[in-house]
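Chain residues, written in single-letter form:
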Amino acid sequence: MSKASSKATAGTLAAGGKTGVRIVVAGDRGTGKSSLIITAAIDNFPATCPPVLPPTRLAEDFYPDRVPVTIIDTSSKLEDTGKVAEELKRADAVVLTYACDKPETLDRLSTFWLPKLRQLEVKVPVIVVGCKLDLRDENQQVSLEQVMSPIMQQFREIETCIECSSFKRIQIPEVFYYAQKAVLHPTGPLFDQETQTLKPRCVRALKRIFILCDHDRDGALSDAELNDFQVKCFNAPLQPSEIVGVKRVVEEKLPGGGTTDGGVNERGLTLTGFLFLHALFIEKGRLETTWTVLRKFGYNNDIRLDDELIPSFKRAPDQSVELSSQPLEFLRGIYELFDSDYDNNLRPDELDDIFSTAPDSPWDEPPYKDAAERTSLGGLSVNAFLSEWALMILLEPSRAVEYLIYIGYLGDPSTAVHVTRKRRLDRKKQQSERNVFQCFVFGPKKAGKTSLLNSFIGRPCPDGHASTTEEKFAANVVDLPGSSKKTLVLREIPEEEVKGLLSSKESLASCDIAVFVYDSSDESSWKRATELLLDVAGHGEDTGYEVPSLIIAAKDDLSSYPMAIQETTRVTQDLGIEAPIPISSRMGDTNNVFRRIVNAAEHPHLSIPETEAGKSRKQYHRLVNRSLMFFSVGAAVAIVGLAAYRVYAARKNSSS
């Protein structure tokens, strides 16, 4: 591994999939841009230079990575400012030049050129190049590091600074080598220059790679495992003496003892030692070594798995996605492995450990944050853990599978989930086979929607009313008769978002069941809930995505408004759905509402409200079908009669 850089294979692996690098050279007039480019291309100083060179291509084998480089010269004329800006926006890397014999051109980098790149939102590596080194006054010799340090502190996009001379051919190839290297093997994603440490995402990726290579799971890479790693990444084995050398370097820098301390223990190279080696490579400028390792294990320049490794799942609007049995068992095993005290309580730090090999924890932000039930100790039960995964698979199946891979799932990613049957077919079959149901929760403000979600995941109801302005989710396992279990996902739709939701034809396609919550003590809340129900039911009838619907009379601990029973009974009977289900989240009386929601979702042909427009449309279709049937029967009788007459006529003619 100590010689990994020299043994790294060239080509697309090192290039991260790039087929070429476009380098744009910019700077003030007279700083040596064109001379720099020509000298690099022909290895000779030109006697004369045109004002602006055409694109210059360096051969594929010019540099070890064997990736072609195209160098773009730019004009210094004021009237060409727009064209220069366009070229800069298309750059993979930018070389900014100044003249070593003209200090004012160096000042212009920080006062004009670097701010201009930011203004143009050019977010690529920048190489600062001091040209005409041979013309610098010998009495004004200064340290490049001393001059550039303040500028590099201010402009972190500067990757490298170098001085050169085209006339004396000093460090000319190095300029574009560093520019190409900054594109193919960027420092930014791997290393924090300020703290001189590996960046967190890089650490997480290398930890995952270490665990994948630790075949016996003993927390260290043995000599054989180190050699396997070397062969996989660099296509060349390590000699025994090289392995000894690697360990000696680590032990000298990270001394320790026992079985876990230090960079090397009695079983081999530890994770600490593995990370130290990569930090050492980067500090010594050998970024290609770490990048080769990362890319061999499928990482892109953002240190995430490449899109080609993550399957996408095609499905109709009314199909959903669920975990297959194999990854489900894998997740149960992961839970048991990280629930170190076996108390069915995955603590926050244990959950962080599970995702420590992923770029981040996907459940730290909405919609997953606070979407599952927490134990009294603040952790996740196994049901809550699997509910979070069910929610993620439902909403973002490809991303969920990506994170399954990060945490160690080795099965075929394309079969990690299965696509359910279309809901329209479920309705015809009068039974749903789904294990995860999504329920849209509608209702006016202050009706009790959020309290319903809170009671579902065991969160206490807060005092007072907090208006919900964005969608919220709650996911949990619902126990059904016969020891069966289903996962229910509640999605709260804020009242002001309903109109926008229903503006899309397919907005209800993913909804297995809708519930409409109203404050049973407030007549205006009931009326608004009814309006929402009619809007949703009408949209379902118009689009063909009708959904079973239930009405929930929340705040049952308060007195009902006058005529409530008569009014609600009349409306629900007119719509052909079940009477409102009374609940009191504050009193903890949910009246088995979640089981009833799942039961209604399992029978998608029932509990579908019919509006007056829907009834009229259905009656019209019946009349049309009946008319067509009568026409068909009449036509058939006429045809049979005509045929009989022809037979009779034929017989009469033959007898005559």
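A brief structural summary. All residue numbers refer to position in the chain's written sequence, counted from 1. The predicted nature of this model means local features are confined to residues of pLDDT at least 70 and side-chain atom pairs, given and counted, to a pLDDT of 80 or more, with totals for whole chains, interfaces and linings taken over all residues. Think of the side-chain values as coming from all heavy atoms in the structure, minus any hydrogens and water.

## Thoughts on the state of the cysteines
Covalent bonding between the sulfur atoms of two cysteines is what defines a disulfide. Disulfide assignment relies on a single distance test, namely cysteine sulfur atoms paired within 2.5 Å. Scanning the model with the defined rule gives zero disulfides in all. Free cysteine cysteine 213: the closest other cysteine sulfur is in cysteine 233, separated by 6.4 Å.

## Some details on a positive patch on the surface
Note on patches: the residues involved have over 30% relative accessible area and no salt bridge, like charges join within 9 Å, and the nonpolar side chains Val, Leu, Ile, Met, Phe, Trp and Tyr join within 5 Å. The method behind every accessible area is Shrake-Rupley, applied with a 1.4 Å probe, and residues are considered shielded solely by the protein chains displayed. Here a salt bridge means any side-chain nitrogen of Lys or Arg lying within 4 Å of a carboxyl oxygen belonging to Asp or Glu. We count Lys and Arg on the positive side and Asp and Glu on the negative side, and we leave His and both chain ends out. For this purpose, a charge sits on NZ of Lys, CZ of Arg, CG of Asp or CD of Glu. A cluster of basic side chains, namely Lys422, Arg424, Lys428 and Lys505, defines a positive patch on the protein surface. If you trace the backbone, lysine 505 turns up in the loop between helix H19 (498–501) and strand S17 (513–519). Helical segments are the DSSP runs of H or I of at least four residues, strand segments are the runs of E of at least two, and each set is numbered from the N terminus.

## Structural notes on the nonpolar core
With 76 residues, the main nonpolar core has Leu190, Ile209, Tyr299, Trp363, Phe385 and Trp389 as its most contacted residues. Should any heavy atoms of two residues lie within 4.5 Å, those residues are considered in contact. For isoleucine 209, the residues in contact, after removing those within four places along its chain, are Phe229, Phe274, Val293, Leu294, Phe297 and Tyr299. Residues belong to a common nonpolar core when they are buried Ala, Val, Leu, Ile, Met, Phe, Trp, Tyr or Cys residues joined through side-chain atoms within 4.5 Å. Partly exposed describes any residue whose relative accessible area lies between the buried limit of under 20% and the exposed limit of over 50%, with all areas from a 1.4 Å probe on protein chains only and scaled to the type maximum.

## Thoughts on the pattern of salt bridges
Evaluated as defined, the whole model comprises 33 salt bridges. In this structure, arginine 347 and aspartate 341 form a salt bridge, with 3.2 Å as the shortest nitrogen-oxygen distance. Owing to a relative accessible area of 29%, arginine 347 belongs among the partly exposed residues under this scheme. Across the salt bridge formed by arginine 434 and aspartate 512, the nearest N and O atoms sit 2.7 Å from each other. Separated by 78 residues along the polypeptide, arginine 434 in the loop between helix H17 (423–429) and strand S14 (436–442) and aspartate 512 in the loop between H19 and S17 bring together distant segments of the chain. Like arginine 434, the residue aspartate 512 is buried in the burial classification.

## Side note on the layout of surface pockets
Buried and open spaces are told apart on a 1 Å grid over the protein atoms alone, a cavity being a set of points where a 1.4 Å probe fits but cannot get out and a pocket being an open set with protein on both sides within 12 Å along at least five of seven lines. Residues with an atom within 4 Å of a point are the lining residues. Grid points are joined across faces, edges and corners, and a volume is the space filled by probe spheres set on the points. As a volume, the largest pocket reaches approximately 1,100 Å³. Together, 35 residues line the largest pocket, and Met152, Ile158, Glu159, Thr187 and Gln193 are the ones closest to its centre. Those elements giving two or more residues to the lining of the largest pocket turn out to be helix H6 (144–154), strand S6 (158–163), helix H7 (172–184), strand S7 (191–192) and helix H11 (271–283). Considering each element in turn, the lining of the largest pocket owes the most residues, six residues, to H6. Classes in brief: Ala, Val, Leu, Ile, Met, Phe, Trp, Tyr, Cys and Pro nonpolar; Asp, Glu, Lys and Arg charged; the others, Gly included, polar. Counted by class, the lining of the largest pocket contains 15 nonpolar, 10 polar and 10 charged residues.

## Observations regarding the pairing of strand S15 (residues 472–479)
Along S15, six of the eight residues are buried, which leaves the element largely enclosed by surrounding structure. Where S15 and strand S16 (residues 485–492) come together, eight bridges link them in antiparallel fashion. Counted as the bridge partner of lysine 472 is glutamate 492 from S16. At least two DSSP bridges between two strands are required for those strands to pair. Between the antiparallel neighbours S15 and S16 lie five residues, among them glycine 482 with a positive phi of about 85 degrees.

## Quick look at the side chain of threonine 39
Here threonine 39 shows up in helix H3 (residues 33–42). Any pair of nitrogen or oxygen atoms within 3.5 Å is treated as a polar contact; in protein, a donor-acceptor pairing is required on top of that, and neighbouring residues in sequence qualify only through side-chain atoms on both sides. Polar side-chain contacts of threonine 39 include one of 2.7 Å to the backbone oxygen of serine 35. Contact partners of threonine 39, with chain neighbours within four places excluded, come to Asn44, Phe45, Pro46, Ser166, Arg169 and Ile172.

## Side note on the side chain of arginine 304
Here arginine 304 is to be found in the loop between helix H12 (287–296) and strand S12 (321–323). A polar contact of 3.0 Å, which involves the side chain of arginine 304, links it to the side chain of tyrosine 403.

## Notes on empty space enclosed by the protein
All chains considered together, the criterion is met by one cavity of 30 Å³ or more. Empty space within the largest cavity amounts to approximately 40 Å³. In terms of lining, the largest cavity is formed by Val536, Ala537, Gly540, Glu541, Glu546, Val547, Ser549, Ile608 and Pro609. Considering each element in turn, the lining of the largest cavity owes the most residues, four residues, to helix H20 (residues 523–543). Residues belonging to the lining of the largest cavity are distributed by class as follows: five nonpolar, two polar and two charged.

## Observations concerning a negative patch on the surface
Residues Asp352, Asp353, Asp364 and Glu365 make up a contiguous surface patch of negative charge. Take aspartate 353: it is sitting in helix H14 (residues 348–354).

## A word on the sheet that holds strand S1 (residues 21–27)
Reading across the sheet, the six strands line up as S2-S3-S1-S4-S5-S6 and stay open at both edges, with mixed pairing between neighbours. The two strands at the open ends of the sheet, each matched to only one other strand, are strand S2 (56–58) and S6. Neighbour-to-neighbour, the strand axes of the sheet open up by a mean angle of 25 degrees, direction not taken into account. The sheet contact formed by S2 and strand S3 (residues 69–72) spans three bridges and is antiparallel. Note that in S3 the partner of leucine 58 across the bridge is valine 69. Sheet contacts for H6: strand S4 (93–99), strand S5 (126–131) and S6; angle to S6, the most-contacted strand, approximately 155 degrees. Axis lines are fitted through C-alpha atoms, for helices just across the contact stretch, and the angle between N-to-C directions can take any value from 0 to 180 degrees.

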